[in-house]
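Here is what each chain is made of, one letter per residue.
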Amino acid sequence: MRSALALVLLLASASGHAQDGPPVDLTGVWSTNSLDTLGNPAWDLEGLLSCRCAIETYDYLRELLGDPANDHLSAEDLIRLTEEHTLQVVRDRLSEFGREYASSFDLADDPAIQCERFGAFRTIVHSDPIVFEMHDDRIVIKGEDLTVDRTVYMDGRGHPEGATRSIGGHSIGWWEGETLVIETVNLTANLMDDQLAIHNSDQARGVERYSLGADGNVLHMDFTMYDPVMLTSPLIISRPRVLTPDVELDRAPCEVISGQF
């Protein structure tokens, strides 16, 4: 009888710790604000004006929108002001080496011009649609353009020690409540964003946090870049996306996009 009771308790305990799947299903295509998605009813005004901006810039945007004295500002004015604000946040956050590196950057030197694939950080903040594929032990995230396909391991493993660095790095993820958290390390030095003229060193670490809005149609993303070489303190870039099931990723090769055959 005691053996049978112990077996029942053991099975009940195992059942209590078993995971039926992720607490949130992010399967699908998620798009940023663009001409193709401006009519999506999931957007609010802040979402329509969103950008790959520093998290401080969204506080600034809310201040602009909440002040009646700014009612005369057009959408173009607000976009310009938020972009300028983020550029200043980035400049203030760069280390001396990061500023020197950024000041010497020329858009003509963008590796993408030579069809070199984006690094992980540039892939994360890129504006084109992305798709989440949910699996039991991993999440696959794919994008358009020259973004890298990313595999996020969700099976409890850590990062490998002494691993070879790569443009995509190594990503592991976990759930904090209903928020998906992804950590990426083991990266090669690369361009993080062309418009912000910011690069990441091979000492950088990135943390993404994804959470759904109340209706399940808006995906909020905060990306924190830790880089002791390029930054004096962590930089957080935020950007929301909306669920767009009618969108298919355009996965054309770079040579087709650029006309280089």
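Residues numbered from 1 in each chain as written. Predicted model: local features only at pLDDT ≥ 70, side-chain atom pairs only at ≥ 80, totals over all residues. Heavy atoms only, no water.

Caption draft 1: Expanded view of the environment of Met221. Within the fold, Met221 resides in strand 11 (residues 218-226). Met221 sits ten residues away from Ser211 along the chain, and the two C-alpha atoms are 6.8 Å apart. If sequence neighbours within four positions are ignored, Met221 has contacts with Ile124, Arg209, Tyr210, Ile237, Ser238 and Arg239. (Helix = DSSP H or I, 4+ residues; strand = E, 2+ residues; numbered from the N terminus. Contact = heavy atoms within 4.5 Å.)

Caption draft 2: Local environment of the nonpolar core. With 34 residues, the main nonpolar core has Phe121, Phe132, Ile198 and Tyr210 as its most contacted residues. Aside from chain neighbours lying at most four places away, what touches Tyr210 is Leu26, Ile124, Phe132, Glu178, Thr179, Leu180, Ile182, Leu219, His220 and Met221. (Core = buried A, V, L, I, M, F, W, Y, C linked by side-chain atoms within 4.5 Å. Buried < 20%, exposed > 50% of the residue type's maximum accessible area, 1.4 Å probe, protein only.)

Caption draft 3: Summary view of empty space enclosed by the protein. Tallied over the full model, the rule gives three cavities of 30 Å³ or more. Considered as a void within the structure, the largest cavity measures approximately 90 Å³ in volume. Every residue lining the largest cavity is listed: Thr123, Ile124, Ile130, Ile141, Lys142, Gly143, Val148, Arg150, Tyr210, Met221 and Arg241. Listing elements by their share of the lining of the largest cavity, those giving two or more residues are helix 6 (120-125) and strand 4 (138-143). Among the elements that make up the lining of the largest cavity, the one with the highest residue count is strand 4 (three residues). In terms of residue class, the lining of the largest cavity is made up of six nonpolar, two polar and three charged. (1 Å grid on protein atoms, 1.4 Å probe; cavity = no way out; pocket = protein on both sides within 12 Å on 5 of 7 lines; lining within 4 Å. Points joined across faces, edges and corners; volume = space filled by probe spheres on them. Nonpolar A, V, L, I, M, F, W, Y, C, P; charged D, E, K, R; others polar.)

Caption draft 4: The packing of aromatic side chains, seen in detail. One pass over the structure, following the stated rule, counts three aromatic pairs. Ring centres of Phe121 and Phe223 lie 4.9 Å apart, and the angle between their planes is 65°; on these two criteria the pair is classed as edge-to-face. One end of the pair, Phe121, is in helix 6; the other, Phe223, is in strand 11, and 102 residues separate them in sequence. An angle of 80° between the planes, with centres 5.4 Å apart, marks the rings of Phe132 and Tyr210 as edge-to-face. In this pair, Phe132 sits in strand 3 (residues 130-134) while Tyr210 sits in strand 10 (residues 205-212), placing the two residues 78 residues apart along the sequence. Grouping residues by exposure puts Phe132 and Tyr210 together as buried. (Phe/Tyr/Trp six-rings, centres within 6.5 Å; stacked < 30°, edge-to-face > 60°.)

Caption draft 5: Inspection of the pattern of salt bridges at higher detail. Counting across every chain of the model gives 16 salt bridges. In this structure, Glu46 and Arg62 form a salt bridge, with 3.1 Å as the shortest nitrogen-oxygen distance. On the criterion of sequence distance, the pair formed by Glu46 in helix 2 (residues 45-48) and Arg62 in helix 3 (residues 55-66) is long-range, its members being 16 residues apart. Across the salt bridge formed by Arg150 and Glu208, the nearest N and O atoms sit 2.7 Å from each other. A residue pair is termed long-range when its members are at least 10 positions apart, and Arg150 in strand 5 (residues 150-153) and Glu208 in strand 10 qualify at 58 residues. (Salt bridge = Lys/Arg side-chain N within 4 Å of Asp/Glu carboxyl O.)

Caption draft 6: Structural view of the layout of surface pockets. When its volume is computed, the largest pocket comes out at roughly 430 Å³. As for the largest pocket, its lining consists of 20 residues, of which Ser50, Cys51, Ile79, Glu83 and Arg239 are closest to the centre. Looking at the lining of the largest pocket element by element, the count peaks at five residues for helix 4 (residues 75-93). Classifying every residue of the lining of the largest pocket by side-chain character gives nine nonpolar, seven polar and four charged. The calculated volume of the second largest pocket comes to roughly 370 Å³. Glu46, Tyr58, Arg62, His220 and Pro240 are, among the 20 residues lining the second largest pocket, the residues nearest its centre. Taken together, the elements giving at least two residues each to the lining of the second largest pocket come down to helix 2, helix 3, strand 10, strand 11 and strand 12 (235-243). Looking at the lining of the second largest pocket, its residues break down into eight nonpolar, five polar and seven charged.

Caption draft 7: Structural view of the environment of Glu144. Of note, Glu144 is situated in the loop between strand 4 and strand 5. With near-sequence residues (within four places) excluded, Glu144 lies in contact with Asp128, Pro129, Glu248, Leu249 and Asp250.

Caption draft 8: Region of the structure containing the state of the cysteines. Evaluation of the coordinates by the stated rule reveals two disulfides. With a sulfur-sulfur separation of 1.6 Å, Cys51 is cross-linked through a disulfide to Cys53. Taking the sign of the S-S torsion, about -105° here, the bridge from Cys51 to Cys53 comes out left-handed. Each member of the pair, Cys51 as well as Cys53, is classed as buried. Two residues share a disulfide in this structure: Cys115 and Cys254, whose sulfurs sit 2.1 Å from each other. Around the S-S axis, the bridge from Cys115 to Cys254 shows a dihedral of about -75° and counts as left-handed. In this pair, Cys115 is assigned in the loop between helix 5 (96-103) and helix 6 and Cys254 in helix 7 (residues 254-258), connecting sequence segments 139 residues apart. Residue Cys254 is classed as buried on the basis of its relative accessible area, which comes to 11%. Counting its disulfide-bonded cysteines in sequence order, the chain shows a connectivity of 1-2, 3-4. (Disulfide = S-S within 2.5 Å.)

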